[in-house]
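# Structure assessment
Listed below, chain by chain, are the residues.
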Amino acid sequence: MAGCWSGPPSLSDWHAMDVRLDAIRPRSLLQELAAPARTRPAVLRIDLSALHDIDSTGVAALRAASRRLSRSGIAVELHGASPEVARVLADTPEPNPPELPREPGALERVGRATLAAWRGLLTLADMTLEAMQGAVAAVMGRRTFSWRDVAEQLELMGADALPIAATMSFLLGLVLDFQTWVQMHHYGTESVVLEFVGIGMARGFAPFIVAILLASRTAPAIAAELSTMEMRQENDVLRVMGISPVRHLVVPRLFAITLVAPALSLIATTSGILGGLLVTVWLDPHWMSALETMLREMTLSDLWLGTVKSVLFGWVIGLASAFTGLHSGYGALSIGIAATRAAVASIFFVMIVDSIVTTLWTLAQ
Amino acid sequence: MTASGLVELRDVAVGYAESPVLTGIDLRIDAGEIVCIIGASGSGKSTLLRAMVGLLEPAAGAVHLFGQDLYAMRRRSRGRVLSRVGVLFQNDALFSSMSVLDNVMFPGRKLTDLPDEVIHELALIELARLGVDALPERMPQEISGGQAKRVALARANVLAPELIFCDEPTASLDPINAAVLGRELMRLRDDQGSAVVLVTHNMEVVRTLSDRTVVIAAGGIRAAGTASALERSEDPQVKALFRMEPVPRAPGGE
């Protein structure tokens with residue numbers, strides 16, 4: 001019988017209580033032993049003589065019960081076991097798990113989280129710097145850079161997203177024009193609605209809707225792909241060949257998104273204006289004059305602002321998704337987590353960049 | 001044999017987070033030898049291998065490859081040193097977006113300025129050597145585990161590196177595939193003069209391939225020597241490994 005289950009031998013018999021078990025019912029053993037334990041004996045002697053056999057579930061139930069009782073100060077003694085039962089009890093290994101680490105306090109948790117965030121920021125800065133160096137080296141004609149990878153990414157990010165971007169912005173232009181037209185009609189200023197739609201699409205709505213599309217479609221795809229490669233050790237293969245995964249995988253994606261984001265933004269601007277124009281033609285008999293007003297008031301700087309924004313959005317989305325993909329861990333959940341984080345982080349940083357650029361641009365006017 | 005050894009570990013401590021798995025590791029590997037690293041599961045063999053190939057910076061000590069401190073050098077210099085190394089990972093780690101042939105051509109395309117036709121030929125030769133030249137256009141998902149392992153070895157060896165690391169090369173392989181891989185590793189040593197470092201559980205591999213075996217246990221190097229000498233060792237940890245018995249817990253061990 002396992003010696004560690006017995007109570008201290010100095011305890012006298014009048015402190016002891018006997019319990020006979022004719023079967024071990026793992027689900028109810030603790031309740032069965034609760035009644036005798038209520039009298040608080042120093043030793044609970046469990047008679048196993050009626051037990052014909054026992055399996056590991058039975059041993060686990062007995063051990064769990066005796067551990068619980070010993071925590072209440074009641075020692076458990078097993079006796080009367082048949083040779084077969086005694087053999088199983090003796091042969092079942094006694095686990096010796098390491099002590100669980102101490103649960104950190106609130107202050108320690110905050111400290112650790114701050115340190116982790118700081119390290120993450122440094123890693124992101126390092127990755128950004130390396131990506132910039134890689135981009136310069138690629139432009140300078142470094143032989144090992146593959147422009148074919150950029151072309152593949154252009155197709156994935158741009159060509160495949162084009163119909164969605166065009167449709168979304170067309171509908172946005174249509175809705176914007178409709179809703180604004182209804183309000184402006186009360187004041188007789190509906191002739192400026194198309195101008196509002198055009199300038200709004202060029203300066204902010206089109207780059208933003210393209211950014212949302214890239215953040216929800218491209219960013220999770222990049223993060224999931226890089227995370228899968230990380231988990232399958234494909235990136236380790238690159239590292240031990242002396243090839244940086246940032247230069248080999250991230251830089252082509254950044255090149256592609258730098259081209260795709262403004263291109264899609266310009267197409268989305270055009271498509272949004274067409275959506276607005278459709279509503280204007282339908283509602284306004286003087287739609288031609290509204291169109292002329294829009295074309296007269298819209299300037300290249302409106303398109304320039306939208307283009308600059310979309311390039312910045314593209315970089316933010318590319319870097320955020322690459323970072324989450326390359327630092328997502330190795331577990332089965334990591335790919336999903338990386339994809340989700342990439343989308344959320346991309347949208348969050350796009351909003352921040354949008355606010356900063358719009359504020360700076362407005363102040364500069 | 002070089003003056004400083006192809007690989008030299010000096011008082012290395014390595015692990016994850018803040019807990020070292022291995023400490024005080026001193027190890028030297030020379031050209032033209034096959035060194036097997038053995039130990040119980042979780043003893044730190046693969047962790048040691050990751051430190052030797054630049055994937056896990058040691059908490060203390062230095063890892064020298066080809067006489068240069070791997071973790072003290074700049075990123076680009078480290079790349080140059082690592083380009084002389086081939087690694088076969090336990091799970092093959094073939095690039096899933098590339099065909100078998102592209103996988104094997106990849107190191108040549110990235111690390112040399114050879115014409116693509118030459119790299120293509122080189123890759124086909126390496127695939128033929130390992131008996132997988134019939135599948136160049138297949139994707140890694142379309143080939144068996146044994147074939148994938150052979151393709152991964154072809155990729156690791158396509159540029160004839162001076163040093164090859166293999167993590168469990170025969171794990172999950174049938175005896176025939178394991179023998180093919182074993183023969184290839186011996187050829188790399190004998191014909192190419194490469195040093196081969198094998199992390200393995202397969203005692204048959206240790207007995208037939210290794211020139212030297214290093215036993216990892218209790219957070220460090222427990223014993224080192226030829227397989228036949230270790231087989232006669234009285235150390236209970238070493239005995240248990242060679243006789244395939246449960247490894248006794250060593251004080252301070254894993």
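Residues numbered from 1 in each chain as written. Chains lettered and ligands numbered in written order. Predicted model: local features only at pLDDT ≥ 70, side-chain atom pairs only at ≥ 80, totals over all residues. Heavy atoms only, no water.

Right, let's get into the packing of helix 1 (residues 29-37) of chain A against helix 2 (residues 56-71) of chain A. All names here are of chain A. Direction vectors running N to C along helix 1 and helix 2 enclose 35°, while the axes themselves pass 10 Å from each other. Crossing geometry of helix 1 relative to helix 2 is assigned as right-handed. Contacts between helix 1 and helix 2 involve L29, L30, L33 and A37 from the former and A61, L62, A65, R68 and L69 from the latter. Of the residues belonging to the contact of helix 1 with helix 2, the class tally is eight nonpolar, no polar and one charged. (Axes fitted to C-alpha atoms, helices over the stretch in contact; angles between N-to-C directions. Helix = DSSP H or I, 4+ residues; strand = E, 2+ residues; numbered from the N terminus. Left-handed = near helix turned anticlockwise from the far one by under 90°. Contact = heavy atoms within 4.5 Å. Nonpolar A, V, L, I, M, F, W, Y, C, P; charged D, E, K, R; others polar.)

Contact with chain A, which involves 22 residues of that partner, is made by 27 residues of chain B. Summing both sides of the interface, chain A and chain B together bury roughly 2100 Å²; the carbon and sulfur share of this comes to 50%. Here chain A is connected to chain B by one salt bridge. The tally of links from chain A across to chain B stands at five residue pairs in polar contact (both at pLDDT 80 or more). (Buried area = accessible area lost by both parts, 1.4 Å probe. Salt bridge = Lys/Arg side-chain N within 4 Å of Asp/Glu carboxyl O. Polar contact = N/O pair within 3.5 Å; in protein donor to acceptor, adjacent residues only side chain to side chain.)

This part is about the packing of aromatic side chains. Enumeration over the complete set of coordinates arrives at four aromatic pairs over all chains. Seen from their ring centres, A:F178 and A:W282 are 5.5 Å apart, and the 80° between their planes marks the pair as edge-to-face. Of this pair, A:F178 sits in helix 6 (residues 162-187) while A:W282 sits in helix 9 (residues 245-283), and the two are 104 residues apart along the sequence. Over the face of the ring belonging to B:F66 we find B:R84, whose NZ or CZ atom lies 3.8 Å from the ring centre. The residue whose ring lies beneath B:R155 is B:F95, and the NZ or CZ to ring-centre distance is 4.8 Å. (Phe/Tyr/Trp six-rings, centres within 6.5 Å; stacked < 30°, edge-to-face > 60°. Lys NZ or Arg CZ within 6 Å of the ring centre and 35° of its normal.)

A common measure of how large an interface is: the accessible area buried when the components associate. Split by domain assignment, chain A resolves into domain 1 (3-91) and domain 2 (128-364). Summarising the inter-unit geometry, the C-alpha centres of domain 1 of chain A and domain 2 of chain A are found 68 Å apart. (Domains from an automatic or database assignment.)

Attention shifts here to unusual backbone geometry. Residues and elements named next belong to chain B. Positive phi outside glycine occurs at E168, with the angle close to 50°. Examined against the element boundaries, E168 turns out to sit in the loop between strand 7 (163-167) and helix 6 (175-190). According to the relative accessible area criterion, E168 is buried, its value standing at 7%. Although it is not a glycine, A218 adopts a positive phi angle of roughly 55°. For A218, the location among the structural elements is in the loop between strand 9 (212-217) and strand 10 (220-225). (Buried < 20%, exposed > 50% of the residue type's maximum accessible area, 1.4 Å probe, protein only.)

Turning to the pattern of salt bridges, a few remarks are in order. Within this structure, the stated rule accounts for 29 salt bridges over all chains. Across the pair A:R232 and A:E234 runs a salt bridge whose closest N-O atoms are separated by 2.7 Å. Judged by relative accessible area, A:R232 falls into the partly exposed class, the value being 27%. We classify A:E234 as buried; its relative accessible area is 1%. Between B:D190 and B:R189 there is a salt bridge, with its nearest N and O atoms 2.8 Å apart. Bridged by salt links that share partners, the residues A:E230, A:D236, A:R239 and B:R50 form one connected network.

Residues and elements named next belong to chain A. Spatial ordering of the open sheet is given by 1-2-3, a layout of three strands whose pairing is parallel. A strand with exactly one partner marks an edge of an open sheet, and here the two such strands are strand 1 (16-20) and strand 3 (75-79). For this sheet, the mean inter-axis angle between neighbouring strands, taken without regard to orientation, is 25°. Sheet topology note: the strand 2 (residues 43-47)/strand 3 ladder contains five bridges and is parallel. Considered in strand 3, the bridge of D47 is made with H79. (Pairing = 2+ DSSP bridges.)

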